[in-house]
Amino acid sequence: MRVSIIATVIVILMMTSTVSAGEIIGRHSLSNDRGLVKVKSIAGNKMSIDIIYLPQKGKMIMLTDVFADYDPRTHQAVYSEDRFCPNALTIRFQSNGKVILHQAACAAF
């Protein structure tokens, strides 16, 4: 009896995270209209993305075929360059289809 209850809960949780992932996959405009985030796929807590944006500094940044750690509960992803900059880009997906992108000071692009 316990095994079937646990299995049911796990299946429900997996279905819920899949629905959330389906809403995130696709193209999203940045909230300040300075770029585009394209979510290609989500597998577990890994997100495959392309990011094209124009930061305040004025040079265009293009990151293609990169992976970010994704948290489906918060709809937030974090792209890391290396161990010295573990949160180079923080990507927050909003319910209105826009994305808020925050670039860390340690980001070297």
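In what follows, the structure referred to is the one given above.
A quick note: this is a predicted structure, and the numbers were derived from the prediction, not measured.

## Some words on the pairing of strand 2 (residues 35–43)
- Judged from the four bridges that link them, strand 1 (residues 26–30) and strand 2 form a sheet pairing that is antiparallel. Bridge pairing in strand 2 links Ser 29 to Leu 36.
- Here strand 2 pairs with strand 3 (residues 46–53) via eight bridges, running antiparallel. Paired with Ala 43 across the bridge in strand 3 is Lys 46.
- The hairpin turn running from strand 2 into strand 3, its antiparallel successor, is two residues long, and Gly 44 in that turn takes a positive phi close to 65 degrees.

## Regarding a nonpolar patch on the surface
- A grouping of Ile 52, Leu 54, Met 60 and Met 62 is seen on the molecular surface, where their side chains present a nonpolar patch of about 370 Å² in accessible area.
- As for its placement among the helices and strands, Met 60 is situated in the loop between strand 3 and strand 4 (61–71).
- Relative accessible area serves as the criterion here: at 55%, Met 60 is assigned to the exposed category.

So, how was this worked out
- All residue numbers here refer to positions counted from 1 along the written sequence of the relevant chain.
- A pLDDT threshold of at least 70 governs which residues receive local features in this predicted model, and a stricter bar of 80 or more applies before side-chain atom pairs are shown or counted, although totals over entire chains, interfaces and linings include all residues.
- Remark: hydrogens and water are excluded; side-chain values derive from all non-hydrogen atoms of the structure.
- One bridge is not enough; two strands pair if DSSP finds at least two bridges between them.
- Put simply, DSSP H or I for four residues or longer makes a helix, DSSP E for two residues or longer makes a strand, and each gets a number counted from the N terminus.
- In this analysis, a patch consists of residues with relative accessible area above 30% that form no salt bridge, clustered at 9 Å for like charges and at 5 Å for the nonpolar side chains Val, Leu, Ile, Met, Phe, Trp and Tyr.
- Under the convention used here, a 1.4 Å probe and the Shrake-Rupley method define accessible areas, while residue burial counts only the protein chains that appear.
- Counted as salt bridges are all cases of a side-chain nitrogen of Lys or Arg within 4 Å of a carboxyl oxygen of Asp or Glu.
- Partly exposed residues are those whose accessible area sits between 20% and 50% of the maximum for their type, while under 20% is buried and over 50% is exposed, using a 1.4 Å probe and protein chains only.

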